Amino acid sequence: MQRREFLSSALTLAAANLAPRAARAADSLVEILINEPIGEVAAELYGHFTEHIGGVVYDGIWVGKDSKIPNVGGIRKALVDHMRQLKAPVVRWPGGCFADSYNWHDGIGPRAERPVRTNFWANEPQLWNAPDGPQKYEPNSFGTPEFLRFCRLCGSKPYLAANVRSLTPMDFDQWVEYCNSPAGSTSLAAKRAADGSQEPFNVTYWGIGNESWGCGGDFRPDDYAVEFRRFTSWVPEYGLKLKFIGSGPGAAIDDPQVEWTRGFFEGLTVKGKRMLDRLYGLSMHYYCWTAGKGQAIDFTPDDWYQLLWQADVMESLITKHWLAMGEFDKEHTVKLVVDEWGAWHRGPATDSRYLFSYVPTMRDALVTGITLDIFNRHAEKLAMCNVAQLVNNIHTLFLAQGDHFAATPVFHVFDMYKAHQSGQALRFVSDAPTISYGLGKTLWGLAGSASLHTNNTLVVTVVNPHTTDERTAQVALRGASAQSCRATVLTSADIHARNNFESPHVVEPVEQRANVSGSSFAWTFKPASVTRLEISLA
Ligand code: AHR
């Protein structure tokens, strides 16, 4: 029997079984196959990204020691508290495109003596009429010691991106030396101690450039492969196993850039397959963009579905690049690192100085759920993912301006989904009425993911993208039985709902009563919602 036939016959049966007990017949099916593990959901799939762009670093993270804004040694306290709540596993820095114009030497030593430089993003038209400030002229008040302190405060691992376009492998080696050489061993270890950390930071994740096909040097993939080999050759290790991440494709719907992945792997392995040992992960970037009016907060139901459809393209991009990597790396020792992702709108900006700063709505919450579910369903292929960006930028988790701070719906989805971290991803199958929108376009009716945890808890997350219709699914646990369940739901009757400084609690998850037991039960997923079921198994 074909899977689809099986699902629809199971659905008919489920509807019949339900009729006497439930007010509503099931129109959908969710199946979790307990005996089909996919791989561990690395905690790092829930990672973050911070760049010296707009209001991310200055105002977002760094407010300065003498600020009236509550801070920990200059770092915004509210941000640290929320990152700890999220169990944020890893943070990428300093870019993005900024990384390939950044000289890390500028950002160490006494802050008052650090040089002021032109920021990579200073040419952006949005900044032409904005006042001068750190968004145009980088003061270097926040450099390596401040970033690594931020990571320590948050309990997150650092992931640093090296400058391949405009610095040398020697500068890279010395950056590693500054971060990792043992206390008292080198002149750079002494500088690190003077900057506040006697002990090494033991940074293991190192990105070798960023978007090297574009802002990172306009390389061809075979040229970049040469640079990758040069930059990763004989880097001082100090007893650590450094994890080098190669600059990969900037994937788009109409141009997945698979030829970059092939070209890079080919160029890398001309020196022998052993070169693959140098490559911990291949970075991939994918943003979904608002079409039509292009507004973050003003959109139609068709615009809503179109953006969610675009978010869903992530799945095929992961698969395409994974297949291309497998042509050169049959054992798949190298994993994908999706170190930039999110919904990128075209305005309106929250502040003219803050490039790409939008207020996320429920629509962005669903983009988040859809994307994190895809990551879970492909857990065996992914080593790390980093949402772009943490605060005041693109798919932001937080809005921060002066003493105002708000957590966005994106934050709340991350908070719900953190329950998946370090679980065993399981096969998740769903079948629900397809949604038609626009001129002949379609989107699936329900999607989600599941993970099993050592305390015998099954975590299931599901997105219902329908703007007005709830979906009642028969949830079948194949190979397990539920004892009890805690349900958490993020939804709103208004698809444009959002949090801002004036109303920071409009969109927040709520606990829903869940009377659930056995290996099969009905669950109604609210319209325009993200749901988490934490099921204790019998
Ligand atoms: O996240 C903003 C920018 O988008 C990054 O700097 C770059 O890597 C990407 O193009």
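Residues numbered from 1 in each chain as written. Predicted model: local features only at pLDDT ≥ 70, side-chain atom pairs only at ≥ 80, totals over all residues. Heavy atoms only, no water.

Digging into the pairing of strand 20 (residues 457-464)
Selection criterion: Burial status follows relative accessibility: with a 1.4 Å probe on protein chains alone, a residue under 20% of its type maximum counts as buried, one over 50% as exposed, and anything between as partly exposed. Helix and strand definitions here come from DSSP, where helices need a minimum of 4 consecutive H or I residues and strands a minimum of 2 consecutive E residues; each element is numbered from the N-terminal end. Should DSSP find at least two bridges between two strands, the strands are taken to pair.
Burial of strand 20 is extensive: 8 of the 8 residues sit out of reach of the surface. The alternating pattern of strand 20 places Thr457, Val459, Thr461 and Val463 and Leu458, Val460, Val462 and Asn464 on opposite faces, both of which are buried. Linkage of strand 19 (residues 447-452) to strand 20, two consecutive antiparallel strands, is achieved through a turn of 4 residues, within which Asn456 is found at a positive phi near 65°. Of the strand pairs in this sheet, strand 20 and strand 25 (residues 529-537) are connected by 8 bridges, and their pairing is antiparallel. Pairing of Thr457 across the sheet is with Ser536, part of strand 25.

Section: the site of the ligand
What counts here: One heavy atom within 4 Å of a molecule or strand is enough for the residue carrying it to be called near that molecule or strand. A 3.5 Å cut-off defines polar contacts: any pair of N or O atoms within that distance qualifies, except that in protein one atom must be a possible hydrogen donor and the other a possible acceptor, and neighbouring residues in sequence count only when both atoms are side-chain atoms. A 1.4 Å probe and the Shrake-Rupley method give the accessible areas. Residues count as covered only by the protein chains that appear here. The residue classification treats Ala, Val, Leu, Ile, Met, Phe, Trp, Tyr, Cys and Pro as nonpolar and Asp, Glu, Lys and Arg as charged. All others, Gly included, are polar.
As a structural note, the neighbourhood of the ligand is formed by 13 residues, with Glu51, Cys97, Glu211, Tyr287 and Glu340 the closest of them. Take Asn210: an N or O atom from its side chain is 3.1 Å from an oxygen atom of the ligand. Contact with the protein chains hides 93% of the accessible area of the ligand, taken as 290 Å² for the molecule alone. At the level of elements, strand 11 (279-289) and strand 12 (335-344) are the ones that each hand at least two residues to the shell around the ligand. Residues of the shell around the ligand, tallied by class, amount to 6 nonpolar, 4 polar and 3 charged.

Description of the confidence of the model for the chain
Cut-off, in case you're wondering: A residue's pLDDT is the confidence the predictor assigns to it, expressed on a 0 to 100 scale. Only heavy atoms enter the contact rule, under which two residues are in contact if any of them lie within 4.5 Å.
Of the residues in the chain, 95% have a pLDDT of 70 or more, and the chain-wide mean is 95. Of the regions scoring below 50 in pLDDT, residues 1-6 engages in 8 contacts with residues more than four places distant in sequence or in other chains. Counting interchain partners and residues more than four positions distant, the pLDDT-below-50 stretch residues 11-22 has 10 contacts.

A short note on the sheet that holds strand 10 (residues 243-246)
The condition that has to hold: All axes are obtained by fitting lines to C-alpha atoms, using only the stretch in contact for helices, and the reported angles, taken between N-to-C directions, cover 0 to 180 degrees.
Sheet architecture is closed into a barrel: 8 strands sit in the order 2-5-8-9-10-11-12-13, paired in parallel fashion. Within this sheet the neighbouring strands show an average axis-to-axis angle of 25°, counted without direction. Sheet topology places strand 12 next to strand 13 (residues 382-388); 4 bridges connect them, and they run parallel. What sits directly across from Val338, in strand 13, is Cys385. Sitting on the sheet, helix 9 (residues 314-326) touches strand 11, strand 12 and strand 13, and the angle it makes with strand 12 is about 155°.

Here's the deal with the pattern of salt bridges
Inclusion rule: By definition, a salt bridge exists where a carboxyl oxygen of Asp or Glu is found within 4 Å of a side-chain nitrogen of Lys or Arg.
This model, assessed by the stated rule, comprises 23 salt bridges. A salt bridge links Asp59 to Arg76, with the nearest nitrogen and oxygen atoms 3.1 Å apart. Taken together, the residues Asp59 in the loop between strand 2 (47-49) and strand 3 (71-72) and Arg76 in strand 4 (residues 75-76) connect sequence positions 17 residues apart. Just as Asp59 is buried, Arg76 falls in that class too. With its nearest N and O atoms 2.8 Å apart, the salt bridge here joins Asp106 to Arg117. One end of the pair, Asp106, is in the loop between strand 5 (90-93) and strand 6 (117-118); the other, Arg117, is in strand 6, with 11 residues separating them in the sequence.

Things to note about the environment of Gln483
As for its position among the elements, Gln483 is in strand 22 (residues 482-491). Excluding residues within four positions of it along the chain, Gln483 makes contact with Val516, Ser517, Ser536, Leu537 and Ala538.

Considerations on the state of the cysteines
For the record, the criterion: Here, two cysteine sulfur atoms that lie within 2.5 Å of each other are counted as a disulfide.
Evaluated as defined, the whole model comprises 1 disulfide. Between the sulfur of Cys97 and that of Cys215 lies a disulfide, 2.2 Å long from S to S. Around the S-S axis, the bridge from Cys97 to Cys215 shows a dihedral of about -85° and counts as left-handed. Taken together, the residues Cys97 in the loop between strand 5 and strand 6 and Cys215 in the loop between strand 9 (205-208) and helix 6 (221-231) connect sequence positions 118 residues apart. Judged on exposure class, the residue Cys97 and its partner Cys215 are both buried. Between Cys151, a free cysteine, and Cys154, which holds the nearest cysteine sulfur, the sulfur-to-sulfur gap is 6.7 Å. By relative accessible area, Cys151 is classed as buried at 2%.

Regarding the sheet that holds strand 25
What the 9 strands build is an open sheet, ordered 23-22-25-20-19-16-1-21-24; its pairing is mixed. What marks the edges here is a single partner per strand, and that holds for strand 23 (510-512) and strand 24 (520-525). Looking at each pair of strands side by side, their axes are set apart by 25° on average, direction ignored. Relative to strand 21 (residues 471-478), strand 1 (residues 28-40) is paired through 6 bridges, and the arrangement is parallel. Bridging from a neighbouring strand, Val30 pairs with Val475 of strand 21. Contacting strand 1, strand 16 (424-431), strand 19, strand 20, strand 22 and strand 25, helix 10 (residues 362-377) crosses the sheet at an angle of about 50° to strand 19.

Some words on helix 9
For clarity, the threshold we go by: Residue count minus one, scaled by 1.5 Å, sets the expected span of a helix.
With 13 residues, helix 9 should cover 18 Å at 1.5 Å per step; its first-to-last C-alpha distance of 18 Å lies within 8% of that length. Along helix 9, the residues that are buried comprise Met314, Leu317, Ile318, His321, Trp322, Ala324, Met325 and Gly326. Elements in contact with the buried residues of helix 9: helix 7 (258-269), strand 11, helix 8 (301-312), strand 12, helix 10 and strand 13.

Re the nonpolar core
To be explicit about the condition: We call a set of buried residues a nonpolar core when its members are Ala, Val, Leu, Ile, Met, Phe, Trp, Tyr or Cys and they connect through side-chain atoms within 4.5 Å of each other.
Counting 131 residues, the largest nonpolar core has Phe150, Trp206, Phe264, Phe375 and Phe398 as its most contacted members. For Phe150, the residues in contact, after removing those within four places along its chain, are Ile61, Ile75, Leu79, Val80, Phe142 and Leu390. Among the nonpolar cores identified, the runner-up in size contains 26 residues, and Ala473, Trp523, Leu533 and Ile535 belong to it.

Section: the packing of helix 2 (residues 77-86) against helix 11 (residues 409-417)
It is the contact of helix 2 with helix 11, at a shortest axis distance of 9 Å, that shows an interaxial angle of 35°. Here helix 2 contributes His82, Gln85 and Leu86 to the contact with helix 11, which in turn contributes Phe411, Phe414 and Asp415.

What about the packing of helix 10 against helix 11?
Selection rule: Throughout this description, any angle smaller than 35 degrees is read as roughly parallel, any larger than 145 degrees as roughly antiparallel, any in the 65 to 115 degree range as roughly perpendicular, and the remainder as oblique. With the far helix as reference, a near helix turned anticlockwise by less than a right angle produces a left-handed crossing, and one turned clockwise produces a right-handed crossing.
Remark: helix 10 packs on helix 11, axes separated minimally by 8 Å, with the N-to-C direction vectors making an angle of 30°. Comparing the axis directions of helix 10 and helix 11 gives the class roughly parallel. Considering the relative orientation of helix 10 and helix 11, their crossing is right-handed. Judged by residue contacts, Asp364, Ala365, Thr368, Gly369, Leu372, Asp373 and Asn376 of helix 10 engage Pro409, Val410, Val413, Phe414 and Tyr417 from helix 11. When grouped by side-chain class, the residues that make up the contact of helix 10 with helix 11 number 7 nonpolar, 3 polar and 2 charged.

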